[in-house]
Amino acid sequence: MATLAAPRIAQVRGEPFFLWSAVAMAAVIVAGFSLQLAMGRSSFAASPTMVHAHAIVFMGWVAIYVTQNALVAGESMALHRRLGWIAAGWIVAMVVLGCAVTLAMVRGGRVPFFFTPLQFLVFDPVSLLSFAGLTVAAVVLRRQTDWHRRLHYCGMSILLGPAFGRLLPMPFLIPWAYELTFVAVMIFPLIGVIADLRSTGRVHPAWGWGIGTIVLATLVLVEIVTYSPIGLALYDAVTAGSAGASVAPLAYPPFPPHP
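How each quantity is defined
Residues numbered from 1 in each chain as written. Predicted model: local features only at pLDDT ≥ 70, side-chain atom pairs only at ≥ 80, totals over all residues. Heavy atoms only, no water. Patch = residues over 30% accessible without salt bridge, like charges linked within 9 Å, V, L, I, M, F, W, Y side chains within 5 Å. Areas by Shrake-Rupley, 256 points an atom, 1.4 Å probe, with all protein chains shown as cover. Salt bridge = Lys/Arg side-chain N within 4 Å of Asp/Glu carboxyl O. Helix = DSSP H or I, 4+ residues; strand = E, 2+ residues; numbered from the N terminus. Phe/Tyr/Trp six-rings, centres within 6.5 Å; stacked < 30°, edge-to-face > 60°. Buried < 20%, exposed > 50% of the residue type's maximum accessible area, 1.4 Å probe, protein only. pLDDT = per-residue confidence, 0-100. Contact = heavy atoms within 4.5 Å. Core = buried A, V, L, I, M, F, W, Y, C linked by side-chain atoms within 4.5 Å. Polar contact = N/O pair within 3.5 Å; in protein donor to acceptor, adjacent residues only side chain to side chain. Expected span 1.5 Å × (residues − 1).

1. Section: a nonpolar patch on the surface
A surface patch of nonpolar side chains, amounting to about 320 Å² of accessible area, comprises Trp176, Leu180 and Val183. Mapped onto the elements, Trp176 comes out in the loop between helix H8 (170-173) and helix H9 (177-185).

2. What about the packing of aromatic side chains?
A full pass over the atoms with the stated rule returns 12 aromatic pairs. A ring pair is formed by Phe17 and Tyr153, whose centres lie 6.0 Å apart and whose planes are at 15 degrees; its orientation type is stacked. Of this pair, Phe17 sits in helix H2 (residues 15-38) while Tyr153 sits in helix H6 (residues 145-158); the two residues are 136 residues apart in sequence, bridging distant segments of the chain. Of the residues examined, Tyr153 reaches a relative accessible area of 0% and is grouped as buried.

3. Section: the confidence of the model for the protein
Per-residue pLDDT for the protein has a mean of 90; in total, 90% of the residues score no lower than 70. Confidence drops under a pLDDT of 50 for residues 1-13, and excluding neighbours within four residues, the segment shows 22 contacts in the predicted structure.

4. Section: the nonpolar core
In this structure, Trp61, Phe131, Tyr153 and Met156 are the most contacted members of the largest nonpolar core, which totals 47 residues. Counting 22 residues, the second largest nonpolar core, distinct from the first, contains Val106, Val122, Val222 and Val225.

5. Some words on the side chain of Thr218
Within the secondary structure, Thr218 is located in helix H11 (residues 205-226). A polar atom in the side chain of Thr218 sits 2.4 Å from the backbone oxygen of Ile214. With residues up to four places along the chain from it excluded, the contact list for Thr218 reads Val126, Ser127, Ser130, Tyr178, Phe182 and Thr213.

6. What to know about helix H3 (residues 49-73)
Helix length check: H3 (25 residues) gives 36 Å between terminal C-alpha atoms against 36 Å at 1.5 Å per residue, within 8%. Of all the positions in H3, only Val57, Phe58, Gly60, Trp61, Val62, Ile64, Tyr65, Gln68, Asn69, Leu71 and Val72 are classed as buried. Those residues of H3 that are buried are in contact with H2, helix H4 (77-107), helix H5 (117-140) and H6. Count one or two residues on from H3 and you reach Glu75, which has phi positive near 60 degrees.

7. Re the pattern of salt bridges
Pairs can form between side chains of opposite charge whenever their charged atoms are close. Within the structure shown, the criterion is met by one salt bridge. Here Arg150 and Asp196 are joined by a salt bridge, their closest N and O atoms 3.1 Å apart. Placement of the pair is Arg150 in helix H6 and Asp196 in helix H10 (residues 187-200), with a sequence separation of 46 residues. Of the residues examined, Asp196 reaches a relative accessible area of 0% and is grouped as buried.

Here it is in structure tokens:
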């Protein structure tokens, strides 16, 4: 019976579910960053070169993720595998640039005002490493398609945090801005669980590992480190000799002046 059930669990409405989910995730990211541009909150001319490189690399991953799902749906598996190895290397650039931008913002005292500087310092790298961990696990399990696609899906969900942070009314969510953004991120993994239940009557164990990683790392671990002596020591070490050293680690920065 278990053997007969396995193929059904691997097919959550077939490839279209994962393809259209990838398109929906990409739409959320594009909407979030486009809104910032439309409202004049960000500018291509204002950011340092490193931030532009960070944006290009991360948007490149979005394109890769959608393309990979489209290739699977179109049964172009040879190209899917070749692009997969490029994507594996792409993760390294994402982690390096993401962490570098976070450190630069914290050291420069430029953390978004709806996060405390220490919370921002912790959750950004932890989220990136959680994404990388789930994505690497998906690559390792690439021959087990049912695990591969679900772990990739959960990893991609983590990257929606910055986009939701640009769509939600973050100033009104203080002091729970980060936690409520986390709730928004969980929407897509929960959709995957529901799709499994509707399609097969069971939940694939990959969702448990993916969702468990997201909850334990990007929520529980972040909260523990942020409000612990370890977090304070980390903040002092990172900001030493910089403008960020004069910013209280657990105090919210002042609201930006109105135009």
